[in-house]
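This is what each chain is made of:
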Amino acid sequence: MKISNKKRLITAALPYVNNIPHLGNLVQVLSADVFARFCRSRGYETMYVCGNDEYGTATETRALEEGVSPKELCDRYHAIHSEIYEWFEISFDRFGRTSTPEQTRITQDIFSKVHKNGYIKEHTIQQLYSEKSDMYLADRYVIGECPNCGYQAARGDQCENCGKLLEPTDLINPRCALDDSIPVLRDTSHLYLDLPAILPKLQEWLDKASVDGRWAKNAVQMTKAWIRDGLKERAITRDLKWGIPVPLKGFENKVFYVWFDAPIGYVSITASHTDDWEKWWLDPDNVELFQFIGKDNIPFHTVIFPSSLLATGQRWTMLHHMSSSEYLNYEDGKFSKSKGVGVFGNDAQSTGIPADVWRFYLYYNRPETSDYMFTWDDFLGKVNGELIGNFSNLVNRTMSFLFKNYNGVVPAGNEESLSDDSYTKAKSEAFFKEINELQEQMREKLEWAEIREAYRIFFQICDLGNKTFQANEPWKTRNNDPAAAERLMRDLVMLVRDLAILSEPFTPGASRKIVEMLGMESCQWKDLGLPLSGLTINEPQMLFKTLDPKLISELRERFAGSQSEREQKAKDSTSEEKPHADLFAESVDLRVAKITAVEQHPEADKLYIETLDDGSEEPRIIVSGLVPHYKPEELLGQNIVLVANLKPAKLRGVKSHGMLLAADGNNQEGQGVVDVVVIPDASPGDRIVVKGKEDLSAPQKRISIDTFFAIPIRADNGRLMVGDKELCCNGKTVTTREVKNGSVG
């Protein structure tokens, strides 16, 4: 089938913000990343957008559980998500969020057009209501028995066990998830998207798009099943506070249902990235939309979101190719965010295993056509066998042999071999003919986002290279048939360069190492097969280290059970082994830093961007949420306390290299305030240490925000304390100004 040269707009399912993504969630953003990197390498004009889905019941629930506002919860988890995706080297053009003015504006505009065109219906319904909590219960607040499969803990919007979409009133023996009371039915009015009325437009589009875009089999089957079972009007409003207000008289106190506005997030995140967003989303003649999702999200991307766009009457850039994967399961069950089961993004970071290794495993075993089970034994075997034993081995043996025996210079390889049994010109041509055929197969697979199959072809190419190296024994022919050895090494180094290009979408770190060894700045798809004779390489470096079975056994044990169980185990272990003050002294590096500049964050009303002098030669940038509490001039020139070894995190597009400390509590007048900790008589770079631990050297390891907050700091009668120890700077206790007793973070 002919491939077009249109611009490529790429999205991955928006990860929900109320939890940390696990490896199963990461499959979607990683899959889209491979495709985006491939498209850029091929020369397509490419836009890859994603972001956090922040509105809705789940956020309200989690915020309620943690005693914070939904906005505070979203800010915290957005930073965590951003850090994880940055560590995995996801090459978003924009990783945004849905709680933005652009999202509100575009969602309300789409709704208004759909309403004007007559595709919105109003109905008074009976909705479950908790008399105990005095509130209407959104879908996720109701749990009960699934009428389809009998699962006892099904939510009111969808059964996690069988995937059946539900209404709360469908559940058998429903109960309130917040207070465990039995809800009652009460009347309430809501707005509905008239899917039956939109169906003719939808069906016409589906019939063409699913064929032209070669949708995944599961996407076609699930979409047909939805339509076959009969489309119904679907509610698009909810009785919640955290969401986008409905711009219609009589519904001002309601918000849009998250699955109406969430897919619109793709559009608004693009609008947050560029003022020319309409050239991507309202230009179907010149743009193709590729979407990467899990199979549980298929109907929302093939029915509900397209129906909303079609109902506006505008010519939107509609879904072209749907890459919908099956489930990645964990050991003997499912990955689960709600239950905390599996390996999560921050877990992967903590293992010391490079991001490229995790990327390799998730691509090599991507659940494209069936579910796949992650096991630690399989992880060990695949990494050591394929990634290292095949790919890394070929690169290492080729580059090391060239560096050692040819002074790192790629030979011309044009002389005739002494024997027809050696590596002749004919064998060289046959070798590259097979390589080129495999590369073309790989390209064809990637054009349609068949990522696992493309990656398997990559390892066929590596295997061919290894077999060619071994069969032609350059360690022998270098002496008895130099021309054959030179031709072989020339071809193998060219193949290694090609592997740098082919591997970049999958393992960008390894690709960079190869490019560095070759002494090149970059390589793209168009460079495949170009000659390298005369090139001098740099000293070879290993791409990866072999995984130790002992480490894998430790990780299997560490990540057994749920996250909450693991956290409790760690807390129990920590409490038995070391006091908080000792842990803090060994892991947290606090420094005095002077604020030299303060500016408003261009993308966030409540954030400042501060430039610091931390005693080093380079200025340091941090981002803080102090706009509601301080004027810029009140911060400028202050010596603040900096968490210096905190891992960098992007906050609304600006990378923050640390955070300042502030106490949160009441002042002497009983007013709630945020009190930035300052040390006027200190100098930038001075350390803040635990009293009695002054002789310990400063921690070198960077820590995550979770690690930092796991060891609480508090203000106790104006003194900064960790456990039962004071924090000191130059022998003096660090004190607060306004908040005498409260938390510090």
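We now turn to the structure provided with this report. Bear in mind that the values here come from a model prediction, so they are computed numbers and not experimental data. (Residues numbered from 1 in each chain as written. Predicted model: local features only at pLDDT ≥ 70, side-chain atom pairs only at ≥ 80, totals over all residues. Heavy atoms only, no water.)

## With respect to the overall build of the protein chain
- If you tally the helices and strands in the protein chain, you get 23 helices and 32 strands.
- Summarising its shape, the C-alpha atoms of the protein chain cover approximately 90 × 75 × 45 Å along the three principal directions.
- Buried positions account for 56% of the 745 residues belonging to the protein chain.
- Between the averaged position of the 89 positive side-chain charges in the protein chain and that of its 109 negative side-chain charges there is a distance of 2 Å. (Helix = DSSP H or I, 4+ residues; strand = E, 2+ residues; numbered from the N terminus. Buried < 20%, exposed > 50% of the residue type's maximum accessible area, 1.4 Å probe, protein only. Lys, Arg positive; Asp, Glu negative; His and termini not counted. Charge placed at Lys NZ, Arg CZ, Asp CG, Glu CD.)

## Structural notes on the sheet that holds strand β13 (residues 287-294)
- The strand order across the open sheet formed by five strands is β3-β2-β1-β13-β14, and the pairing between neighbours is parallel. Among the strands making up the open sheet, the edge pair consists of β3 (94-97) and β14 (319-325). This sheet shows a mean twist of 20° between the axes of neighbouring strands, independent of strand direction.
- Of the pairings in the sheet, the one linking strand β1 (residues 7-12) to β13 comprises six bridges and is parallel in character. The residue of β13 that forms the bridge with Arg 8 is Glu 288.
- Packing of helix α1 (residues 23-42) onto the sheet brings it into contact with β1, β2 (46-52), β13 and β14, and relative to β1 it is tilted by some 165°. (Pairing = 2+ DSSP bridges. Axes fitted to C-alpha atoms, helices over the stretch in contact; angles between N-to-C directions. Contact = heavy atoms within 4.5 Å.)

## Digging into the packing of helix α5 (residues 195-212) against helix α6 (residues 217-228)
- Between α5 and α6, the least distance of the axes is 12 Å, while the angle of their chain directions is 160°. The angle between α5 and α6 places the two elements in the roughly antiparallel class. Handedness of the crossing formed by α5 with α6: left-handed. Taking contact as the criterion, the partners of Leu 199, Gln 203, Leu 206 and Ser 210 in α5 are, on α6, Val 220, Thr 223 and Ile 227.
- When the residues that make up the contact of α5 with α6 are grouped by side-chain class, the tally is four nonpolar, three polar and no charged. (Parallel < 35°, antiparallel > 145°, perpendicular 65-115°, else oblique. Left-handed = near helix turned anticlockwise from the far one by under 90°. Nonpolar A, V, L, I, M, F, W, Y, C, P; charged D, E, K, R; others polar.)

## Some points on the state of the cysteines
- Under the defined criterion, the tally for this structure stands at zero disulfides.
- Considering cysteine sulfurs only, Cys 159 is the nearest to Cys 162, which forms no disulfide, with 3.8 Å between them.
- Looking at Cys 176, it has no disulfide partner, and the nearest cysteine sulfur is the one in Cys 159, 19 Å off. (Disulfide = S-S within 2.5 Å.)

## What to know about the sheet that holds strand β9 (residues 184-193)
- Pairing in this open sheet of four strands is antiparallel, and the strands run β5-β4-β9-β10 from one edge to the other. Since the sheet does not close on itself, it has two edges, and those belong to β5 (135-136) and β10 (234-235), each with one partner.
- Taken together, the two bridges between β9 and β10 define a ladder with antiparallel strand orientation. Residue pairing for β10: Leu 193 is matched across the bridge by Arg 234.

## With respect to the nonpolar core
- One finds Trp 358, Phe 374, Trp 376, Phe 379 and Phe 391 to be the most contacted residues of the largest nonpolar core, which totals 169 residues.
- Dropping the residues within four chain positions of it, Phe 391 is found in contact with Glu 386, Phe 458, Phe 459, Cys 462, Leu 499, Ser 503, Thr 507, Ala 510, Ile 514, Leu 543 and Phe 544.
- The next biggest cluster of nonpolar side chains, apart from the first, holds 30 residues, and it includes Val 673, Ala 682, Val 690 and Leu 720. (Core = buried A, V, L, I, M, F, W, Y, C linked by side-chain atoms within 4.5 Å.)

## Let's talk about the packing of α1 against helix α12 (residues 355-364)
- Two elements in contact, α1 and α12, have axes separated by 10 Å at closest approach and are oriented at 90°. Compared by their axis directions, α1 and α12 come out roughly perpendicular. Together, Leu 23, Val 27, Leu 30, Ser 31, Asp 33, Val 34 and Arg 37 of α1 and Trp 358, Arg 359, Leu 362 and Tyr 363 of α12 make up the contact between the two elements.
- For the contact of α1 with α12, the class distribution of residues is seven nonpolar, one polar and three charged.

## Topic: the packing of aromatic side chains
- According to the stated counting rule, one finds 39 aromatic pairs in the structure shown.
- Taking the centre distance of 4.9 Å and the plane angle of 45° together, the rings of Tyr 48 and Phe 92 count as tilted. One end of the pair, Tyr 48, is in strand β2; the other, Phe 92, is in the loop between α3 (70-87) and β3, and 44 residues separate them in sequence.
- According to the relative accessible area criterion, Phe 92 is buried, its value standing at 17%.
- Seen from their ring centres, Phe 360 and Tyr 364 are 5.4 Å apart, and the 35° between their planes marks the pair as tilted. Separated by four residues within a single helix, Phe 360 and Tyr 364 lie in helix α12, roughly one turn from each other. (Phe/Tyr/Trp six-rings, centres within 6.5 Å; stacked < 30°, edge-to-face > 60°.)

## A closer look at the pattern of salt bridges
- Within the structure shown, the criterion is met by 46 salt bridges.
- Across the salt bridge formed by Glu 54 and Arg 97, the nearest N and O atoms sit 2.9 Å from each other. Taken together, the residues span a long stretch of sequence, with Glu 54 in the loop between β2 and α2 (57-66) and Arg 97 in strand β3 at a distance of 43 residues.
- Residues Asp 582 and Lys 693 are paired through a salt bridge, measuring 2.9 Å at the closest nitrogen-oxygen approach. Highlighted residues: Asp 582 in helix α21 (residues 580-587) and Lys 693 in the loop between β27 (687-690) and α23 (705-709), separated in sequence by 111 residues.
- The class of Asp 582 is partly exposed, set by a relative accessible area of 22%.
- Judged by relative accessible area, which is 26%, Lys 693 ranks as partly exposed. (Salt bridge = Lys/Arg side-chain N within 4 Å of Asp/Glu carboxyl O.)

## Looking at the environment of Asn 730
- Relative to the assigned elements, Asn 730 resides in the loop between β30 (725-729) and β31 (732-733).
- Judged by its relative accessible area of 56%, Asn 730 is exposed.
- Taking the C-alpha atoms as reference, Asn 730 lies 7.8 Å from Ala 682; in sequence the two are 48 residues apart.
- Beyond its immediate stretch of four places on either side in the chain, Asn 730 contacts Ala 682, Asp 686 and Arg 687.
- For Asn 730, the side chain forms a polar contact with the side chain of Asp 686, separated by 3.0 Å. (Polar contact = N/O pair within 3.5 Å; in protein donor to acceptor, adjacent residues only side chain to side chain.)

## Notes on the side chain of Thr 46
- Following the sequence through the fold, Thr 46 ends up in strand β2.
- For Thr 46, the side chain forms a polar contact with the main-chain oxygen of Tyr 44, separated by 3.0 Å.
- Setting aside its immediate chain neighbours within four residues, Thr 46 contacts Arg 8, Ile 10, Ala 36, Cys 39, Arg 40, Asp 93 and Trp 280.

## Thoughts on the side chain of His 601
- By the element assignment, His 601 lies in the loop between β18 (590-600) and β19 (608-613).
- Judged by its relative accessible area of 2%, His 601 is buried.
- Residues contacting His 601, with those up to four places away along its chain left out, are Leu 607, Tyr 608, Ile 609, Val 623, Leu 651, Arg 652 and Val 654.

## Examining the pairing of strand β4 (residues 120-130)
- Here ten bridges tie β4 to β9, and the two strands are oriented antiparallel to one another. Its bridge partner being in β9, His 123 is matched across the sheet by His 190.
- As paired elements, β4 and β5 share two bridges and run antiparallel to each other. Counterpart to Ser 130 in the pairing with β5 is Met 135.
- Taken together, β4 and the strand that follows it, β5, pair antiparallel across an intervening segment of four residues, in which Asp 134 is found at a positive phi of about 55°.

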